[in-house]
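A structural walkthrough
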Amino acid sequence: MRITAIHETTAALSSTMRNATIDFSKMTLSVVAIVTDAVRDGRPVIGYGFNSNGRYAQGGVLRERLIPRLLEAAPDSLLDAEGHLDPARCRAVVMKNEKPGGHGERAFAVGALDCAIWDAVGKLEEKPLYRVFAERFNDGQFDAQVPVYPGGGYYDPIKGLDGLRAEMQGYRDAGYTLMKMKIGGAAIPDDMKRIEAALDVAGGGANLAVDSNAGINLPTALEYAGAMADYGLAWFEEPLDPLDYAGHAELATACATPIATGENLFSLIDAENLLRYAGLRRDKDWLQFDPSLCYGPSVFVEMVKRADEMGWSRKRHGPHGGQQLGLHLAAGLQLGGTETYPLVFQPFGGFGDDTQIADGLVAPPEAPGIGVETKAELYNNVLKPLSEG
Ligand code: MG
């Protein structure tokens, strides 16, 4: 088999909401389609991939460097012993002539391609991706149900406290038990009122996580930690700059609420340094690496394995990104859960159109690959037209 074409485009993810650090009015992401000459079920195998929210499209890197490398490679050099696309071999080609370090926007471009390659692998094997991950990286074991929570509770100029309560009630009515809201973008007393409004409907602090999106500094994070200590919240996400490991270590000594971070670390060594130096507590804190941003699921799996070696339970991982990819990894590697975006970042956020959430749990899709075809708006309006060039 061979790759016959790779298409890429920039798609909008715009929204009026904001968190403590950025607004999303001009947010974009990169989408890629890798077309092959392999046929399954009478149709050509096409792998689809895209980034998650928050980091913008990377069309220049894809068009000028990464895609030409894949297309110029000898077709057989990209294949495994079965004659299927090999994610590791593809990655080696994509990363040729890229220096170590400086893991910035290149990571998201590589991530989109790696997602698409894995989607194609699942389709070539005619298996949902969680089963492929389970077979390759987890002795065939997987979870049939995965804990899932909605990322929401954004600052919205028109919503107010009643709107926040209504949003959270909507999540409960939709079958979620754990939910998450933004903090750090208002004065602390105002944020405590927002937390209490969400707690009115969350059914206890353990059902509510808060996320300050690295928008506050250490003294302010310590103030938040103190103000929130009695709520018994599920976690305090991205309290500090993601690379401030010493700051996390200091916060961890004084923060009763579990700390969650990792979504803005994009390389294996960044993840390893977090685990070495950030003072995170293996019995309570959370690791939230983003599989579409950290050079793709291939590197995400390496991060999980490295955390294994450093004594972390896989149940302390909850991948960021709010997409089907995180759900497959959570199921196939038996992680602690994953995020979803049922209301925002459409049509990319959230799971398949028929997905049922009950008691905060969801089953991964059974369609081959990632299952992006089970999201009609995404497939019909973005992916299918892209694959046709
Ligand atoms: Mg976050």
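Residues numbered from 1 in each chain as written. Predicted model: local features only at pLDDT ≥ 70, side-chain atom pairs only at ≥ 80, totals over all residues. Heavy atoms only, no water.

**Some points on the state of the cysteines**
What is meant by a disulfide is a covalent connection between two cysteines, made through their sulfur atoms. Summed over the entire model, instances satisfying the criterion amount to zero disulfides. Left without a disulfide partner, Cys-90 is nearest to the cysteine sulfur of Cys-115, which lies 13 Å away. (Disulfide = S-S within 2.5 Å.)

**Structural notes on the sheet that holds strand S1 (residues 3-12)**
Strand order in the open sheet formed by three strands is S1-S2-S3, with antiparallel pairing between adjacent strands. Of all the strands in the sheet, just S1 and strand S3 (43-50) have a single pairing partner and so form its edges. With direction set aside, neighbouring strand axes in the sheet form an average angle of 20 degrees. Across nine bridges, the pairing between S1 and strand S2 (residues 28-40) is antiparallel. Counterpart to Ala-5 in the pairing with S2 is Val-35. Where helix H1 (residues 59-72) meets the sheet, it contacts S1 and S2, and its direction lies at approximately 170 degrees from that of S1. Packing against the sheet, helix H12 (residues 376-387) makes contact with S1, S2 and S3, and its axis sits at approximately 65 degrees to S2. (Pairing = 2+ DSSP bridges. Helix = DSSP H or I, 4+ residues; strand = E, 2+ residues; numbered from the N terminus. Axes fitted to C-alpha atoms, helices over the stretch in contact; angles between N-to-C directions. Contact = heavy atoms within 4.5 Å.)

**Remarks on the coordination of the magnesium ion**
Protein coordination at the magnesium ion comes from Asp-211 (OD), Glu-237 (OE) and Glu-263 (OE), with a distance range of 2.0 to 2.2 Å. In primary sequence terms, the donor set of the magnesium ion follows D-x25-E-x25-E. Of this pair, Glu-237 sits in strand S7 (residues 236-237) while Glu-263 sits in the loop between strand S8 (259-261) and helix H9 (268-277), and the two are 26 residues apart along the sequence. (Donors = N, O, S within 2.8 Å, 3.2 Å for Na, K, Ca; no water.)

**Focus: the sheet that holds S7**
Spatial strand order, S5-S6-S7-S8-S9: five strands in an open sheet with parallel pairing. Bordering the open sheet on either side are strand S5 (179-182) and strand S9 (286-287), each of which pairs with just one other strand. Relative to S8, S7 runs parallel, the two sharing two bridges. Bridge assignment links Phe-236 to a residue of S8, and that residue is Ile-259.

**A few points about the packing of aromatic side chains**
Summed over all chains, the structure comprises 13 aromatic pairs. Aromatic side chains Tyr-149 and Trp-235 sit 5.0 Å apart centroid to centroid with 80 degrees between the ring planes, which places their arrangement in the edge-to-face category. Of this pair, Tyr-149 sits in strand S4 (residues 146-150) while Trp-235 sits in the loop between helix H7 (218-228) and S7, and the two are 86 residues apart along the sequence. Aromatic side chains Trp-235 and Trp-286 sit 5.3 Å apart centroid to centroid with 45 degrees between the ring planes, which places their arrangement in the tilted category. Residue Trp-235 is located in the loop between H7 and S7, and its partner Trp-286 is located in strand S9; the two are separated by 51 residues in the primary sequence. Judged on exposure class, the residue Trp-235 and its partner Trp-286 are both buried. Three or more aromatic residues link up through ring pairs in this structure, and these residues are Trp-118, Phe-133 and Phe-137. (Phe/Tyr/Trp six-rings, centres within 6.5 Å; stacked < 30°, edge-to-face > 60°. Buried < 20%, exposed > 50% of the residue type's maximum accessible area, 1.4 Å probe, protein only.)

**Looking at the packing of helix H4 (residues 129-137) against helix H11 (residues 324-332)**
Running from N to C, H4 and H11 point in directions that differ by 40 degrees, and their axes come no closer than 8 Å. With respect to each other, H4 and H11 are oriented oblique. The two elements H4 and H11 meet at a crossing, and its hand is right-handed. Facing H4, whose interface residues are Leu-129, Tyr-130, Phe-133 and Ala-134, H11 presents Leu-325, His-328, Leu-329, Ala-331 and Gly-332. Of the residues contributing to the contact of H4 with H11, the split by class is seven nonpolar, two polar and no charged. (Parallel < 35°, antiparallel > 145°, perpendicular 65-115°, else oblique. Left-handed = near helix turned anticlockwise from the far one by under 90°. Nonpolar A, V, L, I, M, F, W, Y, C, P; charged D, E, K, R; others polar.)

**What to know about the environment of Gln-346**
Among the secondary structure elements, Gln-346 is positioned in the loop between strand S10 (338-340) and strand S11 (361-362). Owing to a relative accessible area of 34%, Gln-346 belongs among the partly exposed residues under this scheme. When the C-alpha atoms of Gln-346 and Asn-53 are compared, they prove to be 9.9 Å apart, with 293 residues separating the residues in sequence. Look past the residues within four positions of Gln-346 in its chain and what remains in contact with it is Leu-13, Tyr-341 and Lys-375. One polar contact links the side chain of Gln-346 to the main-chain carbonyl oxygen of Tyr-341, over a distance of 3.0 Å. Here Gly-349 takes part through its backbone oxygen, which lies 3.2 Å from a polar atom of the side chain of Gln-346. (Polar contact = N/O pair within 3.5 Å; in protein donor to acceptor, adjacent residues only side chain to side chain.)

Read these as spatial facts, not as claims about activity.
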